[in-house]
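Okay, here's what each chain looks like letter by letter:
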Amino acid sequence: MSILTILGIIPLVGSVIVGFTPTKDVARAKIIALVFAVATFVVAVVAVVGFDPNSAEPFQYVAQHDWIPALGISFAVGVDGIGLILVFLATLLVPVVIWAGWNDVEEAGEQSPGQTQGNVRGYFALMLVLEAMMIGVFVSLDVVLFYIFFEVILIPVYFMIGRYGTGRRTYAAVKFLVYSLLGGLIMLAALAGLWYVSLQNFGGANMYFPDLLSMDIDPTVQGWLFWGFFIAFAIKAPLWPVHTWLPDAAGSSTPGTATLLIGVLDKIGTFGMLRLCLPLFPEASQQYAPVIIAISVIGIFYGALVAIGQSDMKRMFGYVSISHFGFMTMGIFAFTSVAQTGATFYMLGHGLSTAMLFLVAGYLISRRKSAQVTDFGGVVNVAPVAAGLFLIAGLSALALPGFMTFQAEFLVLVGTFERYAWVAAFSTLAIILAALYILFMYQRSMTGPTSEGVKGFKDLNFRERWAIAPLVVVLIGLGFYPSPAMNVINPAVERTMEWVGATNPPPAIADATAEATPSDSVEGSAR
């Protein structure tokens, strides 16, 4: 059995055990959930350690079994560097979220003010189911299998928002579901078209991704299929203008749900663009790249500008993420190795920084019983550790040097500059907006005189501090030493570029010297 299959089975088994834990034994249910989440992370670390970034094979830990042979559908799993990074992200965040959100949900009649009332076993069981589905998406090598995980993942998220959320949770859950189902239906139509194309190319249906790469698809058909997949991924990410479900979902979710929703689940959209859109539809991807980059730039500035005007912390973080997803998509469709490496690294960095923002904000919101920035003030005077971690989370979100988010954003901009210089130069202005929305929020909520509602604050306890610690370590560790992640990502990105048939633009300095000294130009190109 492949280690990837084991990765998916562990949280599923854990969810069943948690679900059948005695109703009154809430503490045991939480402990079981945490044990299975940690076990999944340990297996993921084993997979990371055993992964060979220099392998000539495009995917590792591959396992393929016939499932529905008549339709060319198999249960096929495998992973490259891009998928492995996201599996690591998912398996790291789930135990962190469980540990950090230990008391986010309490049984009916037992909850404290500010906590959500509900079935604790159900909440943590759904979290483990969600983890299994996320892993399934990132390791699927059969396109139909990918689609199944892509759609089934909606079920646990819908209940985690609608049953365990706050405020307008029902509205937010239904809106999330409608948007996601619409994207899924569009993708299903494109999937049917892809199945028919495989039938023509192979003389029989075949939905195994490595085999599909060899297909010859008519450019017009490529265009239709590309947009079918891309729209579904754009909604999932989400990108402007199909983004409006995200702020509502983030604002109405528990901090743990919002962390997994934006930190990991939304990466399925950008991952799908890299995994399916580009390699399967290379000509269409390059043809429509300028349009998508324009949409990405609009999203970068739209998300940042709207975030500045938000008074609700969780909704603000939702709009901040819309801006960040614009950077990721811009990097993907810039079609340079540097930009795509930066976009992949950005997925990891954004997931960790967003998790830290939501979890620390969740601690503050549970104490103040409000998510409004104006209800805070002077937190640093009574809870300096909480305020300090909130500042670290904010600085990582605005990509301050020293955090891995800086490395990612820098690579995206530099890589985009190689092909679209003016786009990259203009997009750098968003860095100023990022400083505004993060620092203004910190100033209004954490500094100044201590407001009446904050005077009784208790600082973070042992559990809360240590739940955040792994995020700080990884964000700063990979900020100063990104090589472990880059060594895994780079070969996968180069292979994706080969599948698309894209080449990096020649260095501008080489072009400038070509006319004067051809030999120097050749030497520069060799370098």
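A short tour of the structure in this document, coming up. All values reported here derive from a predicted model rather than from experimental measurement.

## Section: the packing of aromatic side chains
The relation between two aromatic rings is expressed through the spacing of the ring centres and the mutual angle of the planes.
Thought 1: Applying the stated criterion across every chain yields a total of 30 aromatic pairs.
Thought 2: Ring geometry for Trp227 versus Phe230: centroids 5.5 Å apart, planes at 90°, classification edge-to-face. Separated by 3 residues within a single helix, Trp227 and Phe230 lie in helix H9 (residues 219–236), roughly one turn from each other.
Thought 3: The class for Trp227 is partly exposed, based on a relative accessible area of 24%.
Thought 4: Residue Phe230 is classed as buried on the basis of its relative accessible area of 4%.
Thought 5: Taken together, the aromatic side chains of Phe226, Trp227, Phe230, Tyr288, Phe333 and Phe335 make up a single cluster linked through ring pairs.
Thought 6: Geometry around Tyr164 places Arg163 over its ring, the cationic atom sitting 5.6 Å from the centre.

## Regarding the packing of helix H5 (residues 143–152) against helix H12 (residues 267–280)
Thought 1: Relative to each other, H5 and H12 sit at 170°, their axes nearing to 13 Å. By the angle between their directions, the pair H5 and H12 is classed as roughly antiparallel. Here Val143, Phe146 and Phe150 of H5 come into contact with H12, specifically with Ile268, Phe271, Gly272 and Leu276.
Thought 2: Partitioning the contact of H5 with H12 into residue classes produces 6 nonpolar, 1 polar and no charged.

## Section: the pairing of strand S1 (residues 60–68)
Thought 1: In this structure, S1 lies alongside strand S2 (residues 73–79), joined through 6 bridges in antiparallel fashion. By the bridge assignment for S2, Gln64 is matched with Ala76.
Thought 2: Connecting S1 to the next strand, S2, in antiparallel fashion are 4 residues, including Gly72 with a positive phi near 70°.

## Quick notes on the environment of Ile6
Thought 1: Within the secondary structure, Ile6 sits in helix H1 (residues 3–19).
Thought 2: Spatially, the C-alpha atoms of Ile6 and Phe226 are 32 Å apart, while their sequence positions differ by 220 residues.

## Side note on helix H11 (residues 255–265)
Every α-helical turn comprises 3.6 residues, leaving residues that sit three or four positions apart pointing alike.
Thought 1: Taken across its 11 residues, H11 has 11 buried, putting it largely inside the fold.
Thought 2: All of the buried residues in H11 are Pro255, Gly256, Thr257, Ala258, Thr259, Leu260, Leu261, Ile262, Gly263, Val264 and Leu265.

## Here we look at the packing of H1 against helix H4 (residues 120–139)
Thought 1: Contact geometry of H1 with H4 gives a least axis separation of 8 Å together with a crossing angle of 165°. Between H1 and H4, the interaxial angle falls into the category roughly antiparallel. Relative to H4, H1 is oriented so that their crossing is left-handed. Residues Leu4, Leu7, Gly8, Pro11, Leu12, Gly14, Ser15, Val18 and Gly19 of H1 lie in contact with H4, whose contacting residues are Arg121, Phe124, Ala125, Leu128, Val129, Glu131, Ala132, Met133, Ile135 and Val139.

## Focus on a nonpolar patch on the surface
Thought 1: A cluster of nonpolar side chains, namely Trp67, Ile68, Leu71, Ile148, Val152, Ile155 and Phe159, defines an oily patch on the protein surface of about 570 Å² accessible area.
Thought 2: Listing elements by their share of the nonpolar patch, those giving two or more residues are S1, H5 and helix H6 (154–162).

## A look at the nonpolar core
Thought 1: With 194 residues, the main nonpolar core has Ile98, Leu194, Phe229, Phe333, Leu352 and Phe390 as its most contacted residues.
Thought 2: When residues of this core are assigned to their parent elements, the largest contribution, 16 residues, is made by helix H16 (residues 337–368).

## Side note on unusual backbone geometry
Residues other than glycine predominantly adopt negative phi, and peptide bonds predominantly adopt the trans conformation.
Thought 1: In this chain, Ala237 is followed by Pro238 through a cis amide linkage whose omega measures -10°.
Thought 2: On the secondary structure map, Pro238 appears in the loop between H9 and helix H10 (245–252).
Thought 3: A cis amide bond, omega 10°, links Trp240 with the succeeding residue Pro241.
Thought 4: Within the element layout of this structure, Pro241 appears in the loop between H9 and H10.
Thought 5: A positive phi angle, close to 55°, is found at Tyr61, a residue other than glycine.
Thought 6: In this structure, Lys369 takes a positive phi of about 60° despite not being glycine.
Thought 7: You can see Lys369 is positioned in the loop between H16 and helix H17 (379–382).

Each value, and the rule that gives it
Residues numbered from 1 in each chain as written. Predicted model: local features only at pLDDT ≥ 70, side-chain atom pairs only at ≥ 80, totals over all residues. Heavy atoms only, no water. Phe/Tyr/Trp six-rings, centres within 6.5 Å; stacked < 30°, edge-to-face > 60°. Helix = DSSP H or I, 4+ residues; strand = E, 2+ residues; numbered from the N terminus. Buried < 20%, exposed > 50% of the residue type's maximum accessible area, 1.4 Å probe, protein only. Lys NZ or Arg CZ within 6 Å of the ring centre and 35° of its normal. Axes fitted to C-alpha atoms, helices over the stretch in contact; angles between N-to-C directions. Parallel < 35°, antiparallel > 145°, perpendicular 65-115°, else oblique. Contact = heavy atoms within 4.5 Å. Nonpolar A, V, L, I, M, F, W, Y, C, P; charged D, E, K, R; others polar. Pairing = 2+ DSSP bridges. Left-handed = near helix turned anticlockwise from the far one by under 90°. Patch = residues over 30% accessible without salt bridge, like charges linked within 9 Å, V, L, I, M, F, W, Y side chains within 5 Å. Areas by Shrake-Rupley, 256 points an atom, 1.4 Å probe, with all protein chains shown as cover. Salt bridge = Lys/Arg side-chain N within 4 Å of Asp/Glu carboxyl O. Core = buried A, V, L, I, M, F, W, Y, C linked by side-chain atoms within 4.5 Å.

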